[in-house]
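Descriptive analysis of the structure
For reference, the chains in residue letters:
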Amino acid sequence: MATLKLTTNDQVEVNNYHQDGNEDGGCSMSIAIPGQKLMDINSDVISGHGTYEHKDGIYSSLAGYVKLEENKEQPGKTMVSVQTTRHKHLVPVLGGLVTSRVTQATPRFCKVDIIAVEKSIFEIPFRGLLRKEDVRATEKDKVEIHKCFRPGDIVLCRVISVGDSQSYILSTAENELGVIVAYSEAGAAMLPISWREMQCPRTLAVEFRKVAKPTADYIDQIKELLHKIVIK
Amino acid sequence: MPQDSRRNCHTDESYHPDRFLSICKFNTQNNTTVINDNGLRIDGRSSSDSRPIFLETGFVTRSKGSSYIEIGNTKVICACYGPKQLQSKDTGLRKGVLSCELKYASFASAVHKTDQANMLEKEYSVLMVDALSPCIILDRFPKAQVDIFVTILEDGGSAFPAAITAASLALADAGIELYSLAIGASLQQHKEWALVDPTHEEENMVALLGECTGSLCIAYMPGLSQVSMVSQQGYITHQQLSQGMVTLIELCKDVSTLVRRCLVNSIQRKGQQESSVGD
Amino acid sequence: MSAANEVRAYQRKEYLLKFLEQDVRPDNRGLGDTREAKLTLGAISTADGSAMVKLGHTVAVCGIKAEITRPPTDKPDSGVIIANVQLPAMCAPEFKSGPPSEKAQVLSDFVQQVLLDTGMIDRTQLCIESGLHCWILYCDVICCNYDGNIRDAVLLAAVSALKDVSLPMAQYDAEQENLTIDKDRKRQLTLSCMPVSLSFTLFDDAVLLVDPTHEEETVCQGQITVITSGGDSICSVSKHGGASLNPEQLTLCISKAKQRWCDISKLMTSNHL
């Protein structure tokens with residue numbers, strides 16, 4: 001048989017199914033594949049990420065490592081989940097934080113591409129809509145979009161509605177939310193100088209933005225994320 | 001032949017060389033029996049034997065998940081993209097949508113495939129959506145779409161069931177939540193013999209012989225012990241059908257242990273890469 | 001190009017620059033290093049000739065189907081070769097399903113031109129009976145994984161698949177006006193030379209990157225392709241877009257392309273054993 005060997009590692013598996021059994025021993029305990037029964041449903045276990053309940057059992061819905069941990073909200077209960085190396089989120093979730101890039105700014109709203117949820121980056125961005133009244137929590141009527149966002153800015157938002165089939169509805173009406181990366185007209189990454197102004201380090205020109213003030217541990221998360229976005 | 005400005009083509013029609021085989025050769029080619037006196041098939045297998053399988057994940061590097069499967073001479077590549085935002089306005093707001101496209105390479109079969117739309121490809125694409133939709137937890141990605149693209153590089157028989165197995169492997173590799181994997185398997189019924197995992201020659205030859213024959217293809221979800229798709233063509237008795245289902249489900253279970261091993265390997269490999277990057 | 005894409009490209013450029021400042025590329029190669037090339041001949045049994053080429057992660061598979069047709073009226077003594085390249089939606093996120101994209105058409109044309117213009121194959125050996133019957137070779141290249149430098153991959157796949165072709169013997173009986181084909185006896189094609197291409201791209205109008213990955217191609221401008229066919233002969237030099245190239249750089253490209261020919265030719269012979 002001519003093998004194409006399209007793959008990098010040349011380990012060829014031939015059909016010796018019958019001697020297969022469960023020989024991968026300890027590993028098979030911790031690695032689950034979709035449809036594998038993890039345990040029976042009982043009052044002490046909660047089915048978490050990457051699992052589903054069916055009839056009387058909890059089954060895995062992902063291929064990854066099985067993780068058992070105590071549930072923080074309900075002490076004494078164990079949460080069973082399946083962890084993958086892949087992104088945790090496939091689509092933007094309601095109430096979740098998303099990183100997006102402004103594609104279009106009009107006097108009434110901004111159109112954005114949602115490029116990441118928490119640490120998961122989307123290969124193909126989802127469309128989002130940031131309306132004028134959702135930009136700020138106070139003095140909503142005084143918001144001027146062009147003084148808050150420009151196309152190309154990277155903005156941290158919260159998903160407030162799944163919206164229609166066209167786009168998710170987003171909001172930046174929190175101190176922690178808003179522009180995190182913006183480029184000046186000279187093309188340099190600007191530094192925030194107040195909650196509404198950023199300065200270009202090259203020309204020292206000041207531009208208006210709705211600047212985010214992320215919390216310290218969030219900055220760490222964003223750093224890692226931004227590095228990945230830059231790679232993309 | 002209608003000219004296609006987007007492809008290079010020749011102005012004249014062309015014919016498969018088999019049209020010009022000398023008459024005596026042509027006859028001997030069709031006279032071989034499907035099963036010889038010892039109960040063995042042309043390639044030496046017994047009627048219930050399947051062929052060696054090679055499985056691998058993740059070589060279409062920029063896809064979300066991908067797989068390559070080789071069963072005998074059959075070679076199938078599958079890649080999975082998404083979930084991405086739905087383009088159409090009205091469908092599937094609450095649930096996700098699965099879309100499949102199966103294509104044969106022009107050199108995959110004995111006869112060169114022309115560029116015209118191929119009915120078989122369309123039929124298989126639709127069947128594939130039917131076979132795979134029940135396995136995917138579509139509620140987890142509302143108003144989004146997952147795309148599966150399959151290319152059959154070589155059809156050495158049982159290409160469609162191989163494509164189903166490949167697709168579910170690619171979905172699992174992509175980290176899309178599934179109720180279960182789906183494993184495909186087929187058989188060709190020839191008189192009293194049920195030829196499991198038929199080669200392309202067997203699929204064609206049995207049809208050529210024109211006797212009471214039929215084919216059966218299923219997709220089986222080993223995790224839930226459910227059958228997600230059955231497609232039967234030609235002539236099969238009721239008893240043969242139920243017997244065939246039992247045989248194929250057993251084969252699917254066997255194949256699923258291989259798929260499982262392939263997934264476990266790929267997870268361990270990814271884990272190692274992660275830790276080496278971490279250092 | 002939308003503003004958002006511009007920013008993205010800008011950021012990628014910064015990222016690549018960080019590597020290039022240290023004379024290394026994101027995949028740990030030196031600036032002048034090509035990726036590892038792998039070649040498998042005859043992997044597809046339904047084709048009359050086939051080859052699978054891997055350049056790093058980029059994978060192209062070529063299968064050749066031979067059929068019988070009438071020779072072209074202007075060249076009654078010659079056979080026909082038709083090359084097509086497919087970039088299916090499977091191979092990368094940016095490709096859509098449907099009819100061949102512009103990129104695929106350009107690649108098809110590129111392969112077709114190289115196969116015919118370099119004279120690597122004397123098409124009279126495909127003729128069976130002048131003006132009546134000849135072989136037509138459908139060379140279809142499918143890209144299975146698109147990770148940059150697809151030109152080199154598809155050309156190498158097509159050329160090596162041609163090398164792998166074995167045609168059944170055909171005989172024409174002029175008295176009975178009958179064409180017979182004998183599948184049991186086969187012959188190989190004679191190739192007069194083996195064109196091998198090597199592509200480069202330009203980063204920041206100055207740095208030459210050989211055998212670029214997709215990631216590099218997206219931030220670099222211009223494409224330089226040099227095709228050599230062994231010894232001192234150059235089949236084609238082409239440069240599309242991007243910044244100007246000085247003569248020293250061009251000489252460097254050509255010498256690298258010659259070296260590439262030797263490497264590929266070794267790879268090919270080791271596969272034929």
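Treat the numbers as computed from the prediction; the structure is a model and nothing was measured.

1. Section: the overall build of chain C
Along chain C, the regular secondary structure elements total five helices and twelve strands. Here the C-alpha radius of gyration of chain C, 21 Å, is about what a compact globule of 273 residues would show, namely 19 Å. If you line up chain C on its principal axes, its C-alpha atoms span 75 × 40 × 35 Å. The buried share of chain C, reckoned over its 273 residues, is 45%. In chain C, 66% of the contacts between residues at least 6 apart in sequence involve partners at least 24 apart.

2. So, the sheet that holds strand 4 (residues 51-54) of chain A
Strand pairing in a sheet relies on backbone hydrogen bonds, with the paired strands running either antiparallel or parallel. Residues and elements named next belong to chain A. The strand order across the open sheet built from three strands is 2-5-4, with neighbouring strands paired in antiparallel fashion. Strands with a single pairing partner mark the edges of an open sheet, and in this sheet they are strand 2 (37-40) and strand 4. Direction aside, neighbouring strands of the sheet carry axes that sit 25 degrees apart on average. Inspection of the sheet shows strand 4 paired to strand 5 (residues 57-60) by four bridges, in the antiparallel sense.

3. Thoughts on the interface of chain B and chain C
Contact residues are listed per partner, giving 36 residues for chain B and 43 residues for chain C. Taken together, the elements giving at least two residues each to the side of chain B that touches chain C come down to strand 1 (14-15), strand 4 (74-85), strand 5 (97-104) and strand 6 (144-154) of chain B. Per-class residue counts for the side of chain B that touches chain C are 16 nonpolar, eleven polar and nine charged.

4. As for the sheet that holds strand 4 of chain B
Residue and element names in this part refer to chain B. A sheet is described by the order of its strands in space; here five strands give the open sequence 2-3-4-6-5, paired in mixed fashion. In the strand order of this sheet, the two ends are held by strand 2 (53-57) and strand 5, each with one partner. Across the sheet, the mean angle separating the axes of adjacent strands is 15 degrees when strand polarity is ignored. Both strand 3 (residues 65-71) and strand 4 contribute to a ladder of seven bridges, which runs antiparallel. Paired with Ile69 across the strands is Val76, a residue of strand 4.

5. Quick word on the UniProt feature "domain: Exosome complex component N-terminal" (unreviewed entry) in chain A
As recorded in UniProt, the feature "domain: Exosome complex component N-terminal" (unreviewed entry) lies at residues 31-67 of chain A. The straight-line gap between the two end C-alpha atoms of residues 31-67 of chain A is 9 Å; of that span, 0% is helix and 57% is strand.

The rules we used
- Residues numbered from 1 in each chain as written.
- Chains lettered and ligands numbered in written order.
- Predicted model: local features only at pLDDT ≥ 70, side-chain atom pairs only at ≥ 80, totals over all residues.
- Helix = DSSP H or I, 4+ residues; strand = E, 2+ residues; numbered from the N terminus.
- Rg over C-alpha atoms; globule rule 2.2 N^0.38 Å.
- Buried ≥ 20, exposed ≤ 12 C-beta atoms within 10 Å, placed from the backbone.
- Contact = placed C-beta atoms within 7 Å.
- Pairing = 2+ DSSP bridges.
- Axes fitted to C-alpha atoms, helices over the stretch in contact; angles between N-to-C directions.
- Nonpolar A, V, L, I, M, F, W, Y, C, P; charged D, E, K, R; others polar.
- UniProt positions renumbered as here; feature names shortened; annotations may be inferred.

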